[in-house]
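The lines below spell out each chain.
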Amino acid sequence: MPAERISKVLATAGVASRRGADELVAAGRVQVDGRRAVLGEKVDPETQRVEVDGRAITSTEAARVYLALHKPPGVASTVRDRHAPRTVLDLVPPELAGGARLYPVGRLDQDSEGLLLLTNDGDWADGILHPRHGVEREYAVGLSRPLTRDQAEALEQGVELGEGIAALAGLRGHTRTEDQRLVDLLDPPPDAHLTWVRVTIHQGWKRQLRRMFGTVGAPVRRLVRVRIGALRLDTMASGEVRRLTPSEVRRLGRPKR
């Protein structure tokens, strides 16, 4: 087979998304024929030995797996984390993983919770993660007190973070029905005195919402991702994992066949 960029080779093998594969290469965790891989290099997995953390990958594609998880707080949304007692992979039953090497599509910080996707399809993951596709993320944000008008306007207009200007794509109050549905799903149950708002973003910077709300003097007490694109958390209880339906997979991205 013709040589391809190493990020694509790793994504095809189900190791990570292409962006995630570049991070693995940059971290020195990928070797080609016994030497450290270089960002952007081309390899042929049929004739060259490609390893990640000392484990060889093959060019044979595993069956594609697409899962939705309601990540509880305190669980790391990474494949491995020596500082976390559990990662999201510990929550996936073997019968759902099907022996595939899964990884999260994007991340939720350890204190946050809610909808997280898992797959071994790197191209599909990139279709969701890449900013050019504009896949929305919606969150329920729990605050100690309601936002003032000035705070809400600042968040909608944009606040300065280290990466640039961060702005909300949408901000609204929580309905009473949404409050009750959310409370029924969360474990541990949220403080009954929290004020909830719904926000939508297109960006995905590290701890972005916590930093944005902190900048305007409204620290986040609970953060729950309730939607990715057209997929909603709905009735998934904390810690629950399920397969995506073929229709859900198609609506979120184009799976590699």
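Refer to the structure above for everything that follows.
Residues numbered from 1 in each chain as written. Predicted model: local features only at pLDDT ≥ 70, side-chain atom pairs only at ≥ 80, totals over all residues. Heavy atoms only, no water.

Draft legend 1. Layout of the nonpolar core. With 26 residues, the main nonpolar core has Leu117, Trp124, Ile128, Val224, Leu244 and Leu252 as its most contacted residues. When residues of this core are traced back to their parent elements, those giving at least two are β7 (66–71), β8 (103–105), β9 (113–119), α4 (122–129), α6 (176–185), β15 (220–228) and α8 (246–252). Ranked by residue count, the leading element in this core is α4, at four residues. If we skip the residues at most four places from it in the chain, Leu117 touches Leu67, Ala68, Tyr103, Pro104, Val105, Trp124, Ile128, Ile228, Leu231, Leu244 and Leu252. Counting 20 residues, the second largest nonpolar core, distinct from the first, contains Tyr139, Leu147, Val199 and Val220. (Core = buried A, V, L, I, M, F, W, Y, C linked by side-chain atoms within 4.5 Å. Buried < 20%, exposed > 50% of the residue type's maximum accessible area, 1.4 Å probe, protein only. Helix = DSSP H or I, 4+ residues; strand = E, 2+ residues; numbered from the N terminus. Contact = heavy atoms within 4.5 Å.)

Draft legend 2. Molecular detail of the packing of aromatic side chains. If you walk through the whole model with that rule in mind, you get one aromatic pair. Ring geometry for Tyr66 against Trp124: centres 4.8 Å apart, planes inclined by 70°, an arrangement best described as edge-to-face. Taken together, the residues span a long stretch of sequence, with Tyr66 in strand β7 and Trp124 in helix α4 at a distance of 58 residues. Since its relative accessible area comes to 12%, Tyr66 is described here as buried. (Phe/Tyr/Trp six-rings, centres within 6.5 Å; stacked < 30°, edge-to-face > 60°.)

Draft legend 3. Just unusual backbone geometry, in detail. Between Asp187 and the following residue, Pro188, the backbone shows a cis peptide bond with an omega angle of 5°. As for its position among the elements, Pro188 is in the loop between α6 and β14 (195–201). The backbone of Asp33 shows a phi angle near 50°, a positive value even though the residue is not glycine. Examined against the element boundaries, Asp33 turns out to sit in the loop between β2 (30–32) and β3 (35–36). Since its relative accessible area comes to 48%, Asp33 is described here as partly exposed. The backbone of Arg207 sits at a positive phi, close to 50°, despite the residue not being glycine. Structurally, Arg207 can be placed in the loop between β14 and α7 (208–215). Overall, Arg207 belongs to the partly exposed group, its relative accessible area being 37%.

Draft legend 4. Examining the environment of Val216 more closely. On the secondary structure map, Val216 appears in the loop between α7 and β15. A relative accessible area of 17% means that Val216 is categorised as buried. In this structure the C-alpha to C-alpha distance between Val216 and Leu155, which are 61 residues apart in sequence, comes to 7.6 Å.

Draft legend 5. Looking closely at α7. Inspection of α7 places Gln208, Leu209, Arg210, Met212 and Phe213 among the buried residues, and these make up the whole buried set. Contact partners of the buried residues in α7: β10 (137–143), α5 (149–157), β11 (159–161), β12 (164–166), β14 and β15. Of the residues trailing α7, Gly217 is marked for its positive phi of about 80°.

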